[in-house]
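Structural features, examined
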Amino acid sequence: MNPDSPKPDSPNPDRWTPPDPVLARPIRTERLVVDPFTLDDAGPLFEIIQAMRPTAEPWLDWVHTQHRSLEETTRWVADQALRLSDPGFRSLAMVIREPDSRQIFGGAGVYDLDPDTRSCSTGYWIRPDRRGHAFAGEACRAVISWCLRPQPEGLGLSRVRLFCSADNSASRRVLEKLGLPFEMHQRRQDFVAGFGLTDRLGWGVLADEWDCERHTMAATAG
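For the structure given in this document, a descriptive report is provided here. Computed from a predicted model, the values in this text were never measured in an experiment.

Ranked by size, the top nonpolar core spans 43 residues in total, and within it Ile144, Trp146, Cys147 and Leu180 carry the most contacts. Elements with a minimum of two residues in this core: β3 (92–97), β4 (104–114), β5 (119–126), α4 (135–148), β6 (159–165), α5 (169–178) and β8 (196–206). The greatest single-element share of this core, amounting to 10 residues, is contributed by α4. Beyond its immediate stretch of four places on either side in the chain, Ile144 contacts Thr122, Val160, Leu162, Leu178, Leu180, Val205 and Trp210. Formed by 14 residues, the second largest nonpolar core is a distinct cluster that contains Phe37, Ala56, Trp62 and Trp125.

Spelled out as structure tokens, the structure:
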């Protein structure tokens, strides 16, 4: 075949499409709830970020470069809410809360969603005064389960990816405790403002390797 000739149209028959609704119900854990942002969250979120800004680690680059005003945070929160009804969404940020008080503990979500491979990345952050209680791992496990659970209860994806800098010891410990297959170590892969070049570490898990009820690796995995 001539390499310059048009390629035949061969759509992926297994291409992912989102459930409707994207999030059927809040993601609940023993101590937390992960659910969509609402406009009522804009003010408290902006105050948390303002308090974090002077001492935020370089890995939280968005703390330094985004949310510079309440108006900006309000627009960002509104955009996340709109993505729940967008069939073409490729990322979605959600809030980690304490269930009773509804206080914001941090954030989690999905990004770099690839419909053809039915995969996404996930990430998280916890406000400094709520760290040290394993909230990050607890929320992360539940979000992985939501991503890999079949629709309509979950997103129905086949794979979840997680990354961190090799120099981000706190995040690295969280991901190592998840017990996911370690997939890559890319040397001097990322430049982090305020830190410099850093290695990138990556983990991944497939749907048939994860127990969505227990939020852990399946007993038969590996």
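That shown, we press on.
With that settled, the discussion passes to the pairing of strand β7 (residues 182–192). Where β7 and β8 come together, 7 bridges link them in antiparallel fashion. Within the sheet, the bridge partner assigned to Asp190 lies in β8 and is Thr198.

Let us look at the sheet that holds β3. Taking strand neighbours across the sheet as the criterion, the 8 strands line up as β1-β2-β3-β4-β5-β6-β8-β7 in an open arrangement whose pairing is mixed. Two strands in the sheet have a free side with no partner beyond their single neighbour: β1 (27–28) and β7. Pairing of β1 with strand β2 (residues 33–36) involves 2 bridges; the strand directions are antiparallel. Across the sheet, the residue bridging to Arg28 is Val33, located in β2.

A separate point is the pattern of salt bridges. With the rule as written, the count across this model stands at 15 salt bridges. Between Arg102 and Asp35 there is a salt bridge, with the nearest N and O atoms lying 3.0 Å from each other. Here Arg102 is found in the loop between β3 and β4, whereas its partner Asp35 is found in strand β2, with 67 residues between them in sequence. The exposure class assigned to Arg102 is partly exposed, which follows from its relative accessible area of 39%. Residue Arg131 pairs with Glu57 through a salt bridge whose shortest N-O separation is 2.6 Å. Of the two residues, Arg131 sits in the loop between β5 and α4 while Glu57 sits in the loop between α1 (42–52) and α2 (61–65), which places them 74 residues apart along the sequence. Because the salt bridges share partners, they merge into one network encompassing Asp35, Asp41, Arg97 and Arg102.

Rules used in this analysis
The residue numbers shown here count from 1 along each chain, following its written sequence. Selection of residues for local features in this predicted model requires a pLDDT of at least 70, selection of side-chain atom pairs for listing and counting requires 80 or more, and totals for whole chains, interfaces and linings are taken over all residues. Each side-chain value is derived from all of the structure's non-hydrogen atoms; neither hydrogens nor water enter the calculation. Only buried Ala, Val, Leu, Ile, Met, Phe, Trp, Tyr and Cys residues count toward a nonpolar core, and they belong to the same one when joined by side-chain atoms within 4.5 Å. In this scheme, a residue with accessible area under 20% of its type's maximum is buried, one over 50% is exposed, and one in between is partly exposed, where area comes from a 1.4 Å probe on protein chains only. Every helix listed is a DSSP run of H or I at least four residues long, and every strand listed is a run of E at least two residues long, numbered separately from the N terminus. Pairs of residues are marked as contacts when any of their non-hydrogen atoms sit within 4.5 Å. By definition, two strands form a pair when at least two bridges between them are found by DSSP. Salt bridges are defined as contacts in which a side-chain nitrogen from Lys or Arg sits within 4 Å of a carboxyl oxygen from Asp or Glu.

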